[in-house]
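So the chains spell out like this:
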Number of protein chains: 2
Amino acid sequence: MEVVTLKHIAKRLNLSIGTVSKALKDYPDISSSTKYRVQELAKALNYIPNSFAQSLRYKESKIIGLIIPSIVHHFFLYVINGVVNAASEEGYVVLILQSDESFENEKKQLQLLVDKNIDGILLSLSNETIRFDHIKQIINKGIPIVLYDKISKLINCSKVIIDDRKAAFNATEYLIKTGCKKIAHIRGPLKPQTNIDRFMGYKKALEEYNISFDKTLVYIGEQLSYADGFNLTDAIIDDHPDIDGVFASTDLVATGVLTKLKEKGIDIPEKVSIIGFSNWFLSNITSPTLTTVDQPGYQMGKMASDLLFKELNQIKQGIPVNHEVIEISTKVVPRSSTKSV
Amino acid sequence: MEVVTLKHIAKRLNLSIGTVSKALKDYPDISSSTKYRVQELAKALNYIPNSFAQSLRYKESKIIGLIIPSIVHHFFLYVINGVVNAASEEGYVVLILQSDESFENEKKQLQLLVDKNIDGILLSLSNETIRFDHIKQIINKGIPIVLYDKISKLINCSKVIIDDRKAAFNATEYLIKTGCKKIAHIRGPLKPQTNIDRFMGYKKALEEYNISFDKTLVYIGEQLSYADGFNLTDAIIDDHPDIDGVFASTDLVATGVLTKLKEKGIDIPEKVSIIGFSNWFLSNITSPTLTTVDQPGYQMGKMASDLLFKELNQIKQGIPVNHEVIEISTKVVPRSSTKSV
DNA sequence: TTGAAAGCGCTAACAT
DNA sequence: ATGTTAGCGCTTTCAA
């Protein structure tokens, strides 16, 4: 199958390549009859401009890169969705890569994107990432990066985040307001900032409501998995039989807790209330259904993309780029694993 | 930030562009001292070849396209993962798009990929797709397509599938062998072939074991969602109080059934056994845990990619391309929602 | 061992 | 109204 180029069309119509090009782009200085002939033939031959040639000229690929720490996490699914939709509205296409929560991978994937001459990058940092030279280098090259979800204040660029601390504060507060007095917290490992922030929010809420912080009430779920919640619950109940609330860092963990508590015959929420974090479909399926914090992935993907496109336009128009930090608000979604207010 | 090109390096070193190009590619006819100087400077300046210029010459983008009917379906997550990993091993990068189960979207996304000059495409058909001209056109252009999961026999290309019929047969057979005599089936809507095949497998197993087929035992879950399973169970129990097994088309549906049965105080698996389809993490979390059919998404993505790369290589080497159809085998994963054999 | 030149396909300023 | 030309950045053949 011969690929159709301007040259073919020009030859068939006895025109110059330049004229054909202009005719297709509706330049005013081409006669309408020529335009018609060219456009008809182009359609008939199913002419598709060569995107490489175009990109080479325009110095623009209309491709953006999206780096996800781990695709197998529902939250990022929603992010992907938001990004892909926003991009397609703007005529962009998205290259999706995952860092697998590894620093080395993150570096590699970023390089891959740069090699592919993407126009800009959306990035959520891996849990391991604590140095940022690889990112700053790219920004210095003039390629705009927007950080989302897992970010660092040490990088000077636009960002889209949720205030994990505030969200966790609200979650804990919600438990307190619905009558809990002794609340355990299952947090993730020490590294990523989000885990720290959620923990801080938990602590802050206790303080605010004059509940003394007891560090033995804080448990670490290494994977933040269902199994973590399920297994840690034994320890929690052994250590603190009089617990009346659990704030779990993810819905998956919360679901594990919930299942184990039921297994132990502990009434939810009468005896122990549970609140999760994420609000994915699972929280609607458990019985009782799970009270949780809504973490708006789609919106985050959408807003991060919009920020990126805005910067891209500013660059194109030679306007100085100004970075923005957008904070997306979260809210508690009350369901049946907590008592009513 | 000035982008570094061969021209810059050539000028700085007082060499021709051609020489620089060859030096970087380690051509044998360049003196090693020149090579050294060029390579050092290139490294120092952080030279990255312009991929558009390269693609324009090589007529190869090193990008493949992946079309997913719906990203918000766990199965495709695993597929994405398999594809992205396989691609990165081969130095390819993946453009991911979704058709949202819409024919129009599928056409649009395919066109987008072609416009971007991707080297090949992995495609799972949307539920709406019953005409295939848009796909055949692309294949005729010389762009290889590999169909996966939701395919059509009417398209002449390589395919990776699971035998849904056999898988459903095995699932139903498993229920029968563990003592079920009256088995309901919750199937998906009539259109996509997979739903039909699973239904056929169910029917075939009944026949084989001399259980007469009763069409009132077949229910349709429009979304194949948790809610479908949950809600249809009322009807199932009302219509057939003496049911002793349910074969649900997805784990999500099966989970809905399971929850409702528990709510109704019907013992699982003593009174009613349940088997699902997919084997995602959810089936490990329910109580009782869910017996299901393993649907290997990662493997499917991996194998489809490998097939595509194989064809790509054949094309590059001018070898005639031969299409393959690979069938991935599935197996029943026994858990606690069915009786033991 | 190096350089010059053509060409991949497209665009746009300039010339006719 | 149309054609010519230079150039985007890179590769590679051919000439020096």
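So, here is what we can say about the structure in this document. (Residues numbered from 1 in each chain as written. Chains lettered and ligands numbered in written order. Predicted model: local features only at pLDDT ≥ 70, side-chain atom pairs only at ≥ 80, totals over all residues.)

Secondary structure summary: chain A contains 13 helices and twelve strands in total. On C-alpha atoms alone, chain A measures out to a radius of gyration of 26 Å, which is more than a quarter above the 20 Å that the 2.2 N^0.38 rule sets for 341 residues. In chain A, the proportion of contacts linking residues at least 24 apart, taken out of those at least 6 apart, comes to 72%. (Helix = DSSP H or I, 4+ residues; strand = E, 2+ residues; numbered from the N terminus. Rg over C-alpha atoms; globule rule 2.2 N^0.38 Å. Contact = placed C-beta atoms within 7 Å.)

Now for the interface of chain A and chain B. Contact residues are listed per partner, giving 33 residues for chain A and 33 residues for chain B. Of all elements in the fold, only α4 (51–58), α5 (74–89), β2 (93–98), α6 (103–115) and α11 (251–263) of chain A reach the threshold of two or more residues within the side of chain A that touches chain B. The biggest single contributor to the side of chain A that touches chain B is β2 of chain A, with six residues. Taken together, the residues of the side of chain A that touches chain B break down into 19 nonpolar, eleven polar and three charged. (Nonpolar A, V, L, I, M, F, W, Y, C, P; charged D, E, K, R; others polar.)

Looking now at the sheet that holds strand β9 (residues 273–275) of chain A. All names here are of chain A. The four strands lie next to each other as β7-β6-β8-β9, forming an open sheet whose pairing is parallel. Strands at the two margins of the open sheet, each flanked by one partner only, are β7 (218–220) and β9. Going from strand to strand, the sheet's axes swing by 20° on average, the running direction of each strand aside. Pairing of strand β6 (residues 183–187) with strand β8 (residues 245–248), which is carried by four bridges, proceeds in the parallel orientation. Note on β8: the bridge partner recorded for His185 is Phe247. Packed onto the sheet, helix α9 (residues 193–208) meets β6, β7 and β8 and runs at close to 170° relative to β6. (Pairing = 2+ DSSP bridges. Axes fitted to C-alpha atoms, helices over the stretch in contact; angles between N-to-C directions.)

Let us look at the relation of the copies chain A and chain B. The two copies are related by a screw operation: chain A maps onto chain B through 180° of rotation and 0.0 Å of translation along the axis, at an RMSD of 0.2 Å. Taken together, these values place the two copies in the relation of a two-fold axis. By residue overlap, the copies meet face to face through one surface: 100% of the interface positions of chain A are interface positions in chain B. (Least-squares fit on C-alpha atoms with pLDDT ≥ 70 in both.)

With respect to spatial proximity, 25 residues lie near DNA strand D, and among them Gly18 and Ser31 of chain A together with Thr5, Gly18 and Ala53 of chain B are the closest. When contributions to the surface near DNA strand D are tallied by element, the ones reaching two or more residues are α2 (17–24) and α4 of chain A together with α1 (6–13), α2 (17–24) and α4 (51–58) of chain B. Per-class residue counts for the surface near DNA strand D are ten nonpolar, ten polar and five charged. (Near = placed C-beta within 6 Å.)

This part covers the environment of Val333 of chain B. All names here are of chain B. With respect to the helices, strands and loops of the structure, Val333 is situated in strand β12 (residues 331–333). Judged by local crowding, Val333 falls into the partly exposed class, with 18 C-beta atoms found within 10 Å. The spatial distance from the C-alpha of Val333 to the C-alpha of Ile275 is 9.3 Å, given a sequence separation of 58 residues. (Buried ≥ 20, exposed ≤ 12 C-beta atoms within 10 Å, placed from the backbone.)

This next bit is on the protein's contact with DNA strand C. Close contacts around DNA strand C come from 24 residues, with Thr5, Leu6, Gly18 and Ala53 of chain A together with Gly18 of chain B the closest. Where the surface near DNA strand C is concerned, the elements lending two or more residues are α1 (6–13), α2 and α4 of chain A together with α2 and α4 of chain B. Of the residues forming the surface near DNA strand C, the biggest block, four residues, is contributed by α4 of chain A. A breakdown of the residues in the surface near DNA strand C according to their chemical character gives ten nonpolar, ten polar and four charged.

Let's shift gears to the pairing of strand β3 (residues 120–123) of chain B. All names here are of chain B. Burial of β3 is two-sided: the residues Gly120 and Leu122 facing one way and the residues Ile121 and Leu123 facing the other way are all buried. Across four bridges, the pairing between strand β1 (residues 63–68) and β3 is parallel. Among the inter-strand pairings, Leu66 is bridged to a residue of β3, identified as Leu122. Bridge count for β3 against strand β4 (residues 145–148) is three bridges, and the pairing is parallel. The residue of β4 that forms the bridge with Leu122 is Val146. Note that the unit made of β3, helix α7 (residues 133–140) and β4 has a crossover that is right-handed. (Right-handed = clockwise from strand over helix to strand, strands pointing away.)

A few words now on the environment of Ser152 of chain B. All names here are of chain B. Residue position: Ser152 is located in the loop between β4 and β5 (158–162). Residue Ser152 is classed as partly exposed on the basis of its 15 C-beta neighbours within 10 Å. In this view, Ser152 contacts Leu125 and Phe132; residues no more than four positions away in its chain are not counted.

Right, let's get into unusual backbone geometry. Residues and elements named next belong to chain A. A cis amide bond links Ile268 to the next residue, Pro269, at an omega of 5°. Tracing the chain through its elements places Pro269 in the loop between α11 and β9. Residues other than glycine seldom take positive phi values, yet Asn46 does so here, at roughly 60°. Tracing the backbone through its elements, the reader meets Asn46 in the loop between α3 (32–45) and α4. Among the residues examined, Asn46 registers 10 C-beta atoms within 10 Å and is labelled exposed.

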